[in-house]
Amino acid sequence: MVPDRPFAPSTGTRWLLCGLAAWLVGFALWYPKAPIVVDELEYLYQAQTFAAGATCIDTVDVLQQRRTCAPPGRYPPGNALLMAPAVAAGGWRAGFVVSAAALVVAVTASAALLTAAGLSPMGALLVLGFLPTLVLARTAMSDVAGLAMVACALWLWWDVGRSRWRDFAGGVLAGASMLLREPNVLLLLPLLAEDSLRRSRGVMWRWAGLACGFGLRLLLYK
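Figured I'd write up the structure that's included with this text. (Residues numbered from 1 in each chain as written. Predicted model: local features only at pLDDT ≥ 70, side-chain atom pairs only at ≥ 80, totals over all residues. Heavy atoms only, no water.)

1. Let's talk about the environment of Ala34
No. 1: Within the fold, Ala34 resides in the loop between α1 (11–29) and α2 (38–51).
No. 2: Sequence separation between Ala34 and Thr139 is 105 residues, and the spatial gap between their C-alpha atoms is 8.8 Å.
No. 3: Every residue in contact with Ala34, bar those within four places of it in the chain, is listed here: Trp92 and Phe96. (Helix = DSSP H or I, 4+ residues; strand = E, 2+ residues; numbered from the N terminus. Contact = heavy atoms within 4.5 Å.)

The structure is reproduced here in C-alpha cells:
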C-alpha cells in the first residue's frame, strides 16, 4: 500500500506565499516612520486613548461653561480598537502593524475563498498587487482592516447553509465591519439579499449574525 503523500502546496499557493513574504520583508525593512495621511493622526490618537484604558477625554464646553468627557475622535472606533493592543505594547508607531497584518488576512481569506470555489489561489495576488492596497497597508487607516473583515465574511459565507457557525460568524463580521467604515457592509448585502430571495437554508443565521454585529456598532459608536 502506497502511503499518502504529505500535503504539498500548489504552484498558485507557493507564488502567493512568495508574494506575501516579499511584501512583509519590504514592510519590515522600510517600516513607516510617520503618518502620511491627516486622518491617521486621529486614528492613532484614538488608539492611544484606548490603550491608556480610557474611552473619552476631558474637554471644556466653552458655551455651557462645563467640563465633559468627549469621544477621542469623530471616526468609528473599530480601527483604533484593533490598534490599541499594539500601541499599548510598542507605542504609536506599532499601530502600523495592524494594517500590515490585515493585508495578510485579506489575501489569505481571498485565497481560501478562491480555493473553495475550485479556482487557483494565485488570483489573490490581485488583492496583494492592487496599488491602493499596497499604499494603505503602510498606514494607520481603516481601509485594509475593513478589507480583511469583508474578505473573511465572504469566505465564511461560501456555500450557504454548509455550517451554522460559519453563516453566523460571517454575519457578525459583516455587521461589525461598520465599526471601521459604514459602507463596508454594502459589499455584502447583495449576497445576503440573493440568499434571502432564494430562501437558502442558512440565511437566517447570517441575518442573526449581522444583527449582532450591528448591535456592537450601536453599542460602541452612537
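2. Notes on the side chain of Glu40
No. 1: Here Glu40 lies in helix α2.
No. 2: In this structure, Glu40 is buried with no salt-bridge partner, the nearest side chain bearing the opposite charge being Arg138 at 9.3 Å.
No. 3: Here the side chain of Glu40 touches Ile36 through a polar contact of 2.7 Å, landing on its backbone nitrogen.
No. 4: There is a polar contact of 2.7 Å between the side chain of Glu40 and the backbone nitrogen of Ala140. (Buried < 20%, exposed > 50% of the residue type's maximum accessible area, 1.4 Å probe, protein only. Lys, Arg positive; Asp, Glu negative; His and termini not counted. Salt bridge = Lys/Arg side-chain N within 4 Å of Asp/Glu carboxyl O. Polar contact = N/O pair within 3.5 Å; in protein donor to acceptor, adjacent residues only side chain to side chain.)

3. Some points on helix α10 (residues 203–220)
No. 1: Between its first and last C-alpha atoms α10 spans 26 Å; for 18 residues at 1.5 Å apiece the expected length is 26 Å, and the two agree.
No. 2: Listed as buried for α10 are Val203, Arg206, Gly209, Leu210, Gly213 and Arg217. The arc that holds the buried residues of α10, viewed along the axis, is 120°, so those residues lie on one side. The outward face of α10, more than 90 degrees from its buried face, is lined by the exposed residues Met204 and Leu219.
No. 3: Buried residues along α10 sit in contact with α8 (164–176) and α9 (189–197). (Expected span 1.5 Å × (residues − 1). Arc of directions from axis to C-beta.)

4. Here we look at the environment of Tyr31
No. 1: On the secondary structure map, Tyr31 appears in the loop between α1 and α2.
No. 2: Spatially, the C-alpha atoms of Tyr31 and Arg93 are 9.2 Å apart, while their sequence positions differ by 62 residues.
No. 3: Not counting the four nearest positions on each side in its chain, Tyr31 is found in contact with Arg93, Ala94, Phe96, Val97 and Arg138.

5. Overview of the pattern of salt bridges
No. 1: Under the counting rule described, the total for this entry stands at five salt bridges.
No. 2: Of the charged contacts, one joins Arg217 and Glu182 as a salt bridge, the two residues approaching to 2.6 Å between their closest N and O atoms. One end of the pair, Arg217, is in helix α10; the other, Glu182, is in the loop between α8 and α9, with 35 residues separating them in the sequence.
No. 3: Across the pair Arg198 and Glu194 runs a salt bridge, and its minimum N-O distance is 2.9 Å.
No. 4: Among the residues examined, Arg198 registers a relative accessible area of 61% and is labelled exposed.
No. 5: The network of salt bridges with shared partners includes Asp167, Asp195 and Arg206.

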